[in-house]
Amino acid sequence: MFRAIPFLAAFALLAAALLTLPASADRVGQLNARPLHSTWKIFEDGCTDLYSLDGAGNPPPGGTDPGTDGLLSTSSWNSLAEAYNLQANQGAPPQVSGDVDGLCDDAPWTINGALSTGASQDLFIGPLNFHGRGGYLISDYDVIGTNWAYTWNIDSPFDGSAVKIEFDRTTASTSTGVIIHLFGPAGVDAAAAIAASEESVFPEAPIYLMLDLNGAASWQINLAFIPFKTDRYGPGT
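Because the structure is a prediction, the values reported are computed rather than measured.

Rules behind the numbers
- Residues numbered from 1 in each chain as written.
- Predicted model: local features only at pLDDT ≥ 70, side-chain atom pairs only at ≥ 80, totals over all residues.
- Heavy atoms only, no water.
- Pairing = 2+ DSSP bridges.
- Helix = DSSP H or I, 4+ residues; strand = E, 2+ residues; numbered from the N terminus.
- Disulfide = S-S within 2.5 Å.
- Buried < 20%, exposed > 50% of the residue type's maximum accessible area, 1.4 Å probe, protein only.

So, on to the sheet that holds strand β11 (residues 178-183). One key point about sheets: their strands pair by backbone hydrogen bonds, in either a parallel or an antiparallel sense. Read from one edge of the open sheet, 6 strands run β4-β5-β1-β14-β8-β11, paired in mixed fashion. Only two strands of the sheet have a single neighbouring strand rather than two, namely β4 (103-104) and β11. Two elements, strand β8 (residues 135-140) and β11, share 6 bridges in a ladder whose sense is antiparallel. Residue pairing in the sheet places Gly135 in a bridge with Phe183 of β11.

This is the structure in C-alpha cells:
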C-alpha cells in the first residue's frame, strides 16, 4: 500500500508533463522539417567566414556547396535544382577549421552576405518550411548592384523538381535601408496578378526563396525572417 504512493506521485508528474507537449509539438522531427517559429537571420554581411568544418571535422548538415569558396561562388546555387538547404544547418555547431565556405562560422544557418556577382544572378535557398500564418521578410542592404528582388517558388507538379513555379514576387528595389515584406495569408492579393503582390498564401509544398540580384557588384546583404505570432504563444501554451 505504502509503495503505491511514490508510484502515484511519479505518475501524476508524468501526466502533468504530457499536458505540456502540444506547446512544443512543432519542434518534433528533423530540424530542416520543422516550421519556423523564431527569428532566423539568413544573410549577414559582417560575420566571420574562415572555416568549413566543426570541432569534429564535419561539414555543415546542409552540405558543402560544390563551387569554389562554397556559397561565395554564386554560379553554383543559381537554379532550383541547385538550391542550398540552409535550413538543415539550424543548430549546427560552430565551424573552427578548414576553408571559407560562405557560411558564418558561429552560425552555419546564416550565409555570409558579402557576395560578389560578375553579372546579374539568381540565388536559390530551400526547401524552406514556414508556419502557415506567415511572417516578415526583413532586408537591410549596405551595398547593392543595380537592384534586387525576391521570389517565392515551388516545384512544378507537372514537370519535376528542376522546374520552378513562381507564386509571389516582391517589387524590384534599390533601397539600402530596412524594407519589410509580408508573407503568408495576411493581406492576400486575390487578383489574377498575384505574382505582383508582396503577400501570398504559402502552399503545402516545399518552398524556395530566390534572390534576384541584378548587376555585377560586391553586395552586402542582411536578410532575416521573423514569423507572425501564433497560438503557440497564446493562453494555455
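The discussion continues.
This part is about the state of the cysteines. According to the stated counting rule, one finds 1 disulfide in the structure shown. Each sulfur of the disulfide joining Cys47 and Cys104 lies 2.0 Å from the other. Judged by the sign of its S-S torsion, about -80°, the cystine formed by Cys47 and Cys104 is left-handed. Remark: Cys104 occurs in strand β4 and Cys47 occurs in the loop between β1 (40-44) and β2 (53-54); sequence separation between them is 57 residues. For the pair shown, Cys47 and Cys104 are each scored as buried.

Scope: geometric values only; no functional claims are made or implied.
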